[in-house]
Amino acid sequence: MSSTFQNIISKIDFSVPKDWVQIKTIDMHTGGEPLRVIVSGFPELKGNTVLEYRRDIKENYDYLRTALMFEPRGHADMYGCVLLPPNDETADFGILFMHNEGYSTMCGHAIVAISTLAANMNWIAIEEGENKLEIDAPCGRITSFVHIQSGEVTGVRFHCVPSFVVGLDRIVEVPGIGKVIYDLAYGGAFYAYVDLRKNALLEFGLTDSDYRTIIQSGMEIKHAVMQQDKAILHPFENDLSFLYGTIFIDDAQIEENHSRNVCVFAEGEVDRSPTGSGVSGRIAIEKARNAIDYNSKLAVESITGSVFNCSLVSEKDFGPFQAVIPQVEGTAHITGINTFIIDPNDPMKNGFILR
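In the nomenclature of an unreviewed UniProt entry, the protein is known as Proline racemase of Flavobacterium laiguense. UniProt, in the comment section headed Sequence similarities (unreviewed entry), describes the protein in these words: "Belongs to the proline racemase family."

What follows is the structure, given as structure tokens:
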């Protein structure tokens, strides 16, 4: 063995200069959709609620979001979260979601992942069977249940915030496409739901071979709906009153599943999972159409073929809306442990995106 190589393998620890930022993360995925969990090194955010923390990070620390989500540390479809104090002592912790455009209000795949991580890291006391977590997200309180068998996490289910339909079978004129039929619903975030089976003008499928077309069409529809629809208003929180994305729906590719979802959100990100907030809104749509009851369970596929099992828990009045409480079930896995460093002299320290 050469002396140079011996020297290399004996000196593999890098001493980070004191003026460099150092952020530690645990990386995960739920159904193929990434989640970069920031566990240390992030500045303390000011506020008393997750929504207040969200405003502070947008105003003062957005460069750290881009540094961790964008290239060269991330990519155009990266997703992450910061763990925060809860809104009050009745919850276990708070969570703030981030992506290529900003900060989302709800993220089901992140809830499944962070609940899995909380059990694996012993952040909560766990026992065989179900273990309950109360998590404060920007959209409100989420209750999750982590199932433990022989000491291992075998799955997570969560109850979403009240989810409701704003309108069914609306029509929007989309430049370059034509008239598109969509439903507008909320499942922690607002989405335009576009069923390809009702829209003959959309001549593509929901597979990776149509990936670019899905992104382009999803963004064109989102912008057209935003221009036309002034009813994207949350009944209680103005910070939640915006259209987050477009969700395309089609037949399932596996016969025993109910349907396939592909969500295009933020600045053209494609969810690799079936989208937890998205399927929550779909439960509200199915209930509004009398197409689901309390004994039903819908298995919804994603573009990767991963599945969320979705069901109806209860109904409640929510401002002017008749809302539902959906349940979503999925699994998540840890993929890596990282220490990211930011050299203040690096001209690309805040990241960039190429698509």
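(A) Representation of the overall build of the protein in the model. Scanning the protein from N- to C-terminus turns up 6 helices and 17 strands. For 355 residues, the compact-globule estimate of 2.2 N^0.38 gives 20 Å, and the C-alpha radius of gyration of the protein, at 21 Å, lies within 12% of that figure. Summarising its shape, the C-alpha atoms of the protein cover approximately 70 × 50 × 45 Å along the three principal directions. A buried classification covers 54% of the 355 residues belonging to the protein. Restricting the contact set of the protein to residue pairs at least 6 apart, pairs at least 24 apart contribute 63%. On the protein, the mean spot of the 29 positive side-chain charges and the mean spot of the 47 negative ones are 4 Å from each other.

(B) Expanded view of the pairing of strand 16 (residues 321–330). Taken across its 10 residues, strand 16 has 8 buried, putting it largely inside the fold. Here strand 7 (residues 152–159) pairs with strand 16 via 4 bridges, running antiparallel. Across the sheet, the residue bridging to Val156 is Gly330, located in strand 16. Alignment of strand 15 (residues 307–318) against strand 16, held across 9 bridges, turns out to be antiparallel. Within strand 16, the position partnered with Asp317 by the bridge is Gln322.

(C) Structural detail: the pattern of salt bridges. Under the definition given, this model contains 19 salt bridges. Close ionic contact of Glu329 with Lys297 constitutes a salt bridge, the shortest N to O distance being 2.9 Å. Highlighted residues: Glu329 in strand 16 and Lys297 in strand 14 (residues 297–301), separated in sequence by 32 residues. Through salt bridges that share partners, Asp169, Asp183, Lys198 and Arg289 make up one connected network.

(D) Focus on empty space enclosed by the protein. Per the stated rule, a full pass over the model turns up 1 cavity of 30 Å³ or more. Taken as a whole, the largest cavity holds about 70 Å³ of empty space. As for the largest cavity, its lining consists of 14 residues, of which Cys107, Tyr191, Asp271, Thr275 and Ser277 are closest to the centre. Its residues assigned to classes, the lining of the largest cavity shows 7 nonpolar, 5 polar and 2 charged. Among the domains, domain 1 (17–161 + 334–342) and domain 2 (164–324) are the pair contributing at least three residues each to the lining of the largest cavity.

(E) The arrangement of the nonpolar core in detail. Of all hydrophobic cores here, the largest spans 90 residues; its most connected members are Phe97, Ile221 and Phe248. The leading source of residues in this core is helix 4 (residues 108–120), at 8 residues. No fewer than three residues from each of domain 1 (17–161 + 334–342) and domain 2 (164–324) sit in this core. Membership of the second largest hydrophobic core comes to 19 residues, among which are Phe42, Ala67, Met78 and Leu96.

Scoring rules and cut-offs
Residues numbered from 1 in each chain as written. Predicted model: local features only at pLDDT ≥ 70, side-chain atom pairs only at ≥ 80, totals over all residues. Heavy atoms only, no water. UniProt positions renumbered as here; feature names shortened; annotations may be inferred. Helix = DSSP H or I, 4+ residues; strand = E, 2+ residues; numbered from the N terminus. Rg over C-alpha atoms; globule rule 2.2 N^0.38 Å. Buried < 20%, exposed > 50% of the residue type's maximum accessible area, 1.4 Å probe, protein only. Contact = heavy atoms within 4.5 Å. Lys, Arg positive; Asp, Glu negative; His and termini not counted. Charge placed at Lys NZ, Arg CZ, Asp CG, Glu CD. Pairing = 2+ DSSP bridges. Salt bridge = Lys/Arg side-chain N within 4 Å of Asp/Glu carboxyl O. 1 Å grid on protein atoms, 1.4 Å probe; cavity = no way out; pocket = protein on both sides within 12 Å on 5 of 7 lines; lining within 4 Å. Points joined across faces, edges and corners; volume = space filled by probe spheres on them. Nonpolar A, V, L, I, M, F, W, Y, C, P; charged D, E, K, R; others polar. Domains from an automatic or database assignment. Core = buried A, V, L, I, M, F, W, Y, C linked by side-chain atoms within 4.5 Å.

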